[in-house]
Amino acid sequence: MAESQSTTLTPTDVQNVELQDANDTHTHSSSSKSSNEPVQLDIEHAVVEDDPRMWSNTKKNAILCIISGASMIAGLSANIQNPANAQIEQELHASSGDISLSLSLFILIQGNFPVIWSAISEIKGRKLVYLFSVALFTLGSVIVAVSRTIGLVIGMRILQGAGSSAVIAIGAATLADIYEPHQRGTMMGVYYSAPLLGPSLGPIIGGALTQGLGWRAVFWFLVIWGGIIFSAFLFLFKDTFRKERSMTYQNVLKRRLREQQLSEAKDDPRQISEKESGLDGENRTNSKDIEAQQTVILASAIKEVKLSIADVNPFPPYLSIISRKNNFAILIASGLIFAFSFSIAYTCARTLSMHYNYDALKTGLVLLAYGVGSVTGSILGGRWSDRTLSRLKAANGGTSFPEMRLESTKIAMVWLPLSVLGYAWVCQERVNVAAMCVMLFLAGFLSIWIYTSTLAYIVDANIGRSSTAVATNSSFRGLSAFVAAEIAVPLQDSIGDGGLYTLWAGLMIVTECLILLVLYKGRKWREASVEREKQKQDAK
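Since the model is a prediction, treat every value here as computed from it, not as a measurement. (Residues numbered from 1 in each chain as written. Predicted model: local features only at pLDDT ≥ 70, side-chain atom pairs only at ≥ 80, totals over all residues. Heavy atoms only, no water.)

Draft legend 1. Seen up close, the nonpolar core. Of all hydrophobic cores here, the largest spans 120 residues; its most connected members are Phe233 and Met436. Apart from the residues within four sequence positions on either side, Phe233 is in contact with Ile66, Ile67, Ala70, Lys127, Tyr130, Leu131 and Val134. (Core = buried A, V, L, I, M, F, W, Y, C linked by side-chain atoms within 4.5 Å. Buried < 20%, exposed > 50% of the residue type's maximum accessible area, 1.4 Å probe, protein only. Contact = heavy atoms within 4.5 Å.)

Spelled out as structure tokens, the structure:
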């Protein structure tokens with residue numbers, strides 16, 4: 001069985017190497033193979049024109065800044081409405097149930113719509129999806145800003161949720177397009193730090209705009225931000241998507257080529273050879289390397305057969321992701337961490353308002369402690385994740401596999417449940433707000449330290465399907481946050497902050513157990529799933 005799916009050859013190396021010795025650590029060859037056997041590369045390292053991984057650091061950093069700014073939309077728009085809720089209720093004659101519905105539906109749609117965006121991006125590329133989704137978000141924001149009824153607000157918040165959701169999945173896929181696996185932890189940490197500021201900056205910005213200009217100013221602010229991001233994508237962003245490196249595109253293209261062969265065979269009894277169709281037998285391999293892409297369709301064939309969005313059904317790839325045991329376990333863990341983050345920001349605002357008599361602006365400043373902790377944990381956790389991967393790879397003879405990255409989460413596992421327990425009883429006993437800020441910082445720092453590694457693992461463990469994998473992760477996050485939003489307030493009212501976050505401390509222990517399970521069992525599960533999927537694909 002193969003050791004790894006993270007081939008470390010750079011695209012330049014790939015172009016210069018035709019034969020490789022069987023003992024070279026950059027291949028997954030076994031000792032029984034001939035030294036004349038061609039290098040087997042995973043689909044992420046297929047040779048492409050204008051390879052995004054060969055771009056300059058300046059261009060890569062510009063892309064990172066643009067998608068980070070876009071991802072802040074997702075974090076801000078989910079929380080920026082909270083300080084304006086009282087004014088919206090009064091002006092639009094809405095009930096608290098209507099307001100809760102506008103928030104929970106936004107989160108639900110934002111979490112699950114990336115599955116659609118991901119499927120489109122695997123056919124039409126990243127840039128088109130970015131432009132269309134940000135335009136949709138901006139349009140929804142304009143209509144909310146001029147709405148006269150709560151029904152229209154709820155409907156357009158759903159549109160905002162759909163528009164703001166694309167960057168959640170496609171952003172991580174874009175980073176996978178331009179960075180090698182050993183760089184992704186750090187870059188994921190930087191990228192993910194932007195939306196993490198949303199729960200903290202949202203109440204501050206929303207509170208200031210609501211107090212100074214009224215609730216509609218909140219959504220005009222989102223219109224302006226959406227316009228800036230749309231312009232950045234239109235004029236400064238170069239598409240990173242390459243069809244040769246998309247497993248979804250390649251599989252659909254193979255199916256279309258087979259259909260074309262059958263159609264031609266009916267008209268011409270002469271057999272159409274695989275070579276003529278672009279599926280040259282020389283590109284096939286009987287290698288036991290389950291991580292290597294068997295066949296990459298030739299560029300000529302890609303140009304001859306044009307695919308449309310109708311060729312891609314987003315749900316089979318989604319089901320394929322969750323059918324892998326390692327994915328399912330890590331997705332549940334990811335969903336629980338996000339639900340915890342959403343719950344603590346939501347209920348902390350109520351606690352500060354009800355028991356400390358804080359207004360929206362002061363509440364936002366306290367929640368900034370959680371945001372700063374989260375951003376710090378994201379950046380440092382990402383760096384530690386990459387460092388751990390590099391260290392373990394060196395110790396393993398230069399060969400790595402995705403589960404190695406999860407080793408970096410152990411350092412935070414002991415302290416996360418303790419910090420959540422500390423927050424629970426600091427709030428319950430109504431101690432000085434400074435103690436609450438310390439607990440918020442620690443909870444944010446430790447939870448996102450762990451989450452950064454799980455997100456990078458989801459990308460690394462699903463070669464050629466990074467956008468689908470992250471979209472599936474977003475779906476789990478959205479569903480978990482939706483449930484957390486619906487049950488947080490009733491539980492807080494019935495058992496208090498102490499009881500609620502003692503329960504959350506227990507759930508964080510469950511989360512850590514799932515991550516450890518993937519760390520020690522995930523590789524075996526993943527390789528068995530890849531082999532099973534390969535056999536199923538070959539049988540078609």
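Alright, that's what it looks like, and here's the rest.
Draft legend 2. Geometry of unusual backbone geometry. You will see that Asn357, though not glycine, has its phi angle at about 55 degrees, which is positive. The topology assignment puts Asn357 in the loop between helix H15 (325–355) and helix H16 (360–395). (Helix = DSSP H or I, 4+ residues; strand = E, 2+ residues; numbered from the N terminus.)

Draft legend 3. Fine view of a nonpolar patch on the surface. Among the surface-exposed residues, Val414, Trp415, Leu418, Leu421 and Trp425 lie close enough to one another that they form a single nonpolar patch of about 520 Å² accessible area. Look at Leu418 and you get partly exposed, because its relative accessible area is 47%. (Patch = residues over 30% accessible without salt bridge, like charges linked within 9 Å, V, L, I, M, F, W, Y side chains within 5 Å. Areas by Shrake-Rupley, 256 points an atom, 1.4 Å probe, with all protein chains shown as cover. Salt bridge = Lys/Arg side-chain N within 4 Å of Asp/Glu carboxyl O.)

Draft legend 4. Main features of the side chain of Thr240. Within the secondary structure, Thr240 is located in the loop between helix H11 (215–236) and helix H12 (247–267). Within the local environment of Thr240, its side chain forms a polar contact with the side chain of Asp177, the two groups lying 2.7 Å apart. Contact partners of Thr240, with chain neighbours within four places excluded, come to Pro52, Trp55, Ile63, Arg126, Thr174, Asp177 and Ile178. (Polar contact = N/O pair within 3.5 Å; in protein donor to acceptor, adjacent residues only side chain to side chain.)

Draft legend 5. Structural view of the state of the cysteines. All told, the structure shown has zero disulfides when counted by the stated rule. Cys348 takes part in no disulfide bond, and the closest cysteine sulfur to it belongs to Cys427, at a distance of 5.7 Å. (Disulfide = S-S within 2.5 Å.)

Draft legend 6. The pattern of salt bridges, seen in detail. For the structure shown, the criterion picks out 11 salt bridges. The salt bridge involving Asp177 is made with Arg126; its shortest N-O contact spans 2.9 Å. Of this pair, Asp177 sits in helix H8 (residues 166–178) while Arg126 sits in helix H6 (residues 126–145), and the two are 51 residues apart along the sequence. Accessibility expressed as a relative area gives 2% for Arg126, which makes it buried. The partner of Arg350 in a salt bridge is Asp493, with the nearest N and O atoms 3.3 Å apart. Here Arg350 is found in helix H15, whereas its partner Asp493 is found in helix H20 (residues 466–539), with 143 residues between them in sequence. For Arg350, a relative accessible area of 22% translates into the label partly exposed.

Draft legend 7. Main features of helix H18 (residues 415–428). Compared with an ideal rise of 1.5 Å per residue, which puts 14 residues at 20 Å, H18 spans 20 Å between its outermost C-alpha atoms and is within 8% of the ideal. Looking one or two residues beyond H18, the residue adopting positive phi is Arg430, at roughly 55 degrees. (Expected span 1.5 Å × (residues − 1).)

Draft legend 8. Highlighting the packing of H6 against helix H7 (residues 150–164). The interhelical angle for the contact between H6 and H7, taken along N-to-C directions, is 160 degrees, at an axis separation of 7 Å. In terms of their interaxial angle, H6 and H7 are classed as roughly antiparallel. Seen from above, H6 lies across H7 with left-handed handedness. Here H6 contributes Ser133, Val134, Leu136, Phe137, Gly140, Ser141, Ile143 and Val144 to the contact with H7, which in turn contributes Leu152, Val153, Met156, Arg157, Leu159, Gln160, Ala162, Gly163 and Ser164. (Axes fitted to C-alpha atoms, helices over the stretch in contact; angles between N-to-C directions. Parallel < 35°, antiparallel > 145°, perpendicular 65-115°, else oblique. Left-handed = near helix turned anticlockwise from the far one by under 90°.)

Draft legend 9. Just the side chain of Thr388, in detail. Structurally, the position occupied by Thr388 is in helix H16. Looking at Thr388, the relative accessible area reads 1%, which means it is buried. Not counting residues within four places of it along the chain, the set of residues in contact with Thr388 comprises Met404, Glu407 and Ser408.

Draft legend 10. Expanded view of empty space enclosed by the protein. Considering all chains together, one arrives at eight cavities of 30 Å³ or more under this definition. For the largest cavity, the calculated volume is near 350 Å³. Looking at the largest cavity, it is lined by 26 residues, and the ones nearest its centre are Gly75, Tyr192, Pro195, Phe338 and Arg477. Breaking the lining of the largest cavity down by element, the ones donating at least two residues are helix H2 (57–79), helix H4 (96–112), helix H9 (181–196), H15, H16, helix H19 (433–460) and H20. For the lining of the largest cavity, the class distribution of residues is 18 nonpolar, seven polar and one charged. (1 Å grid on protein atoms, 1.4 Å probe; cavity = no way out; pocket = protein on both sides within 12 Å on 5 of 7 lines; lining within 4 Å. Points joined across faces, edges and corners; volume = space filled by probe spheres on them. Nonpolar A, V, L, I, M, F, W, Y, C, P; charged D, E, K, R; others polar.)

Draft legend 11. Quick look at the packing of aromatic side chains. Under the counting rule described, the total for this entry stands at 13 aromatic pairs. With 4.3 Å between their ring centres and 10 degrees between their planes, Tyr130 and Phe233 make a pair best called stacked. One end of the pair, Tyr130, is in helix H6; the other, Phe233, is in helix H11, with 103 residues separating them in the sequence. Tyr130 sits in the buried class, given a relative accessible area of 0%. Judged by relative accessible area, which is 0%, Phe233 ranks as buried. For the pair Trp215 and Phe219, a centre-to-centre distance of 6.0 Å together with 80 degrees between the ring planes defines the contact as edge-to-face. With Trp215 and Phe219 both in helix H11 and four residues apart, the pair spans about one turn of that helix. (Phe/Tyr/Trp six-rings, centres within 6.5 Å; stacked < 30°, edge-to-face > 60°.)

Draft legend 12. Fine view of the packing of helix H14 (residues 315–323) against H15. The contact between H14 and H15 brings their axes to 5 Å, and the two run at 90 degrees. In this view, H14 runs roughly perpendicular relative to H15, as classed from their interaxial angle. Contact residues: Ile321, Ile322 and Ser323 in H14; Lys325, Asn327, Phe328 and Leu331 in H15. Here the contact of H14 with H15 is built from residues that sort into four nonpolar, two polar and one charged.

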